[in-house]
Amino acid sequence: MKTILGPALFLAQYMGDKAPFDTLENLARWASALGYKALQLPTDVRLFDLELAAQSQTYCDDIAGMLAGHGLQVSELSTHLQGQLLAVHPAYDVLFDGFAPPALRGNAPARTAWAENQLHCAAIASRRLGLRAHVTFSGALAWPYLYPWPQRPAGLVETAFAELARRWRPVLDAFDDAGVDLCYELHPGEDLHDGVTFEHFLEAVDHHPRANILYDPSHFLLQQLDYLAFIDIYHRRIKAFHVKDAEFRPTGRQGVYGGFSDWRERAGRFRSLGDGQIDFKAIFSKMAQYDFPGWAVLEWECALKHPEDGAAEGAEFIRRHIIRVSERAFDDFAGGQVQTAQIAQILGLD
């Protein structure tokens, strides 16, 4: 049995232009002082040069050494934006173009090729850093047709998932070669956003052993999905964990879809840890029960609380919820071992 590692912090929401949020080392010093033990790194060149990391073991060693000097390590690398760009429906083409390097904007095929190369680099960089998991988005081809009106033509969903699998299969193979699990954050806006869609994808990639899940209960609460039963069903594929809170308070005027309201006014919204409705005691218990091998990583997103307060409170929140698993059964008080002959005697089989 393994005890969950943590607390760790995802840096995507904390990058900025002013200290201590302007460089990886400054962020490391700040996060360490708050009590974090690892950082989940967005592969943004301002913090981590993914292409250089794929080419240079020295660069990876230098990053790891610098973090170790602050009592930190890398939990996972993140390619959420690159994963998104591997599959973009034309309806979102303009909005997602900003995720690509300026030279590639307006050129969808070049943008897709760049995203695929980035993902291959992430596999190599993860191996160089000695990581066991990587986190990303799936991208989306079918998402605009989520609600079945107008009626979807027969085969649309199947075709979309077949194409998504075609694009991801070489990347999954690259992660397999690197010995790293590829974990999709199941997220609205992505074709992989719940258990059913993950199963569609898993079937399309022939149940690839590296196709796994980044578990984030906040997205499930906002969909009104049973986030605890999800762990029971998919725990063998859960290889990464975002600790993020949320609340869902429907009214007579809005529910799951939110009525195009901003985040402050939505019935479902993300909250800082402890301010929402998610039962993290039960989640951490299930993670301990199923021997989750990875990091508990804070992803802070809240429309109300200041991010620095969220980070400071989040480290202690995660620390309090991590269950140090027992090395023996609670009722093994005698520590004795029953021999085969004794078992036969107990059962009257002599």
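Thresholds applied
- Residues numbered from 1 in each chain as written.
- Predicted model: local features only at pLDDT ≥ 70, side-chain atom pairs only at ≥ 80, totals over all residues.
- Heavy atoms only, no water.
- Patch = residues over 30% accessible without salt bridge, like charges linked within 9 Å, V, L, I, M, F, W, Y side chains within 5 Å.
- Areas by Shrake-Rupley, 256 points an atom, 1.4 Å probe, with all protein chains shown as cover.
- Salt bridge = Lys/Arg side-chain N within 4 Å of Asp/Glu carboxyl O.
- Helix = DSSP H or I, 4+ residues; strand = E, 2+ residues; numbered from the N terminus.
- Buried < 20%, exposed > 50% of the residue type's maximum accessible area, 1.4 Å probe, protein only.
- Disulfide = S-S within 2.5 Å.
- Contact = heavy atoms within 4.5 Å.
- Pairing = 2+ DSSP bridges.
- Axes fitted to C-alpha atoms, helices over the stretch in contact; angles between N-to-C directions.
- Phe/Tyr/Trp six-rings, centres within 6.5 Å; stacked < 30°, edge-to-face > 60°.
- Lys NZ or Arg CZ within 6 Å of the ring centre and 35° of its normal.
- 1 Å grid on protein atoms, 1.4 Å probe; cavity = no way out; pocket = protein on both sides within 12 Å on 5 of 7 lines; lining within 4 Å.
- Points joined across faces, edges and corners; volume = space filled by probe spheres on them.
- Nonpolar A, V, L, I, M, F, W, Y, C, P; charged D, E, K, R; others polar.
- UniProt positions renumbered as here; feature names shortened; annotations may be inferred.

- As annotated in an unreviewed UniProt entry, the chain is Xylose isomerase-like TIM barrel family protein from Collimonas pratensis.

Topic: a nonpolar patch on the surface
Line of reasoning, step 1. The grouping of Y147, W149, V256 and Y257 at the surface amounts to a nonpolar patch, some 560 Å² of accessible area in total.
Line of reasoning, step 2. Within the secondary structure layout, W149 lies in the loop between β4 (133–136) and α7 (156–178).
Line of reasoning, step 3. Under the relative-accessibility criterion, W149 is labelled exposed at 64%.

Concerning the state of the cysteines
Line of reasoning, step 1. One pass over the full model with this rule turns up 0 disulfides.
Line of reasoning, step 2. Free of any disulfide, C121 has its nearest neighbouring cysteine sulfur in C60, separated by 11 Å.
Line of reasoning, step 3. Between C183, a cysteine without a disulfide, and C60, which holds the nearest cysteine sulfur, the sulfur-to-sulfur distance is 19 Å.
Line of reasoning, step 4. Residue C183 is classed as buried on the basis of its relative accessible area, which comes to 0%.

What about the environment of I283?
Line of reasoning, step 1. Looking at the secondary structure, you find I283 in helix α11 (residues 280–289).
Line of reasoning, step 2. Since its relative accessible area comes to 0%, I283 is described here as buried.
Line of reasoning, step 3. Residues I283 and I322, 39 residues apart in the sequence, show an inter-C-alpha distance of 10.0 Å.
Line of reasoning, step 4. Non-local contacts of I283, meaning those with residues more than four positions away in its chain, are made with Y215, P217, Y227, L228, I231, F241 and I278.

Observations regarding the sheet that holds strand β7 (residues 238–243)
Line of reasoning, step 1. Around the barrel, 8 strands lie side by side as β1-β2-β3-β4-β5-β6-β7-β10; this closed barrel has parallel pairing. For this sheet, the mean angle separating the axes of adjacent strands, direction not counted, is 30 degrees.
Line of reasoning, step 2. Two strands pair when backbone bridges link them, and strand β5 (residues 181–185) and strand β6 (residues 211–215) are joined in this way by 4 bridges, in the parallel orientation. Paired with Y184 across the two strands is I213, which belongs to β6.
Line of reasoning, step 3. Most of the contacts of helix α10 (residues 227–234) go to β6, to which it runs at about 155 degrees, and overall it touches β6 and β7.

Some details on the packing of aromatic side chains
Line of reasoning, step 1. Applying the stated rule across the entire model yields 19 aromatic pairs.
Line of reasoning, step 2. When the ring of F48 is compared with that of Y59, the centres are 5.7 Å apart and the planes differ by 50 degrees; the resulting orientation is tilted. With a gap of 11 residues between them, F48 in the loop between β2 (38–42) and α2 (50–55) and Y59 in helix α3 (residues 57–68) connect regions that are remote in the sequence.
Line of reasoning, step 3. Judged by relative accessible area, which is 17%, Y59 ranks as buried.
Line of reasoning, step 4. One residue, K244, lies across the ring of F270, its end atom 3.9 Å from the ring centre.

A closer look at the pairing of strand β3 (residues 73–79)
In summary, the side chains of a regular strand alternate between the two faces of the sheet.
Line of reasoning, step 1. Of all the 7 residues making up β3, 6 are buried; the element is thus mostly covered by neighbouring parts of the structure.
Line of reasoning, step 2. Pairing of β2 with β3, which is carried by 4 bridges, proceeds in the parallel orientation. Paired with L39 across the two strands is V74, which belongs to β3.
Line of reasoning, step 3. With 2 bridges joining them, β3 and β4 adopt parallel strand pairing. By the bridge assignment for β4, S78 is matched with V135.

With respect to empty space enclosed by the protein
Line of reasoning, step 1. Within this structure, the stated rule accounts for 1 cavity of 30 Å³ or more.
Line of reasoning, step 2. Residues that form the lining of the largest cavity fall into these classes: 7 nonpolar, 3 polar and no charged.

Some points on the UniProt feature "domain: Xylose isomerase-like TIM barrel" (unreviewed entry) in the chain
Line of reasoning, step 1. As annotated in UniProt, the feature "domain: Xylose isomerase-like TIM barrel" (unreviewed entry) corresponds to residues 29–320 in the numbering used here.
Line of reasoning, step 2. A distance of 22 Å separates the end C-alpha atoms of residues 29–320, which is 44% helix and 15% strand.

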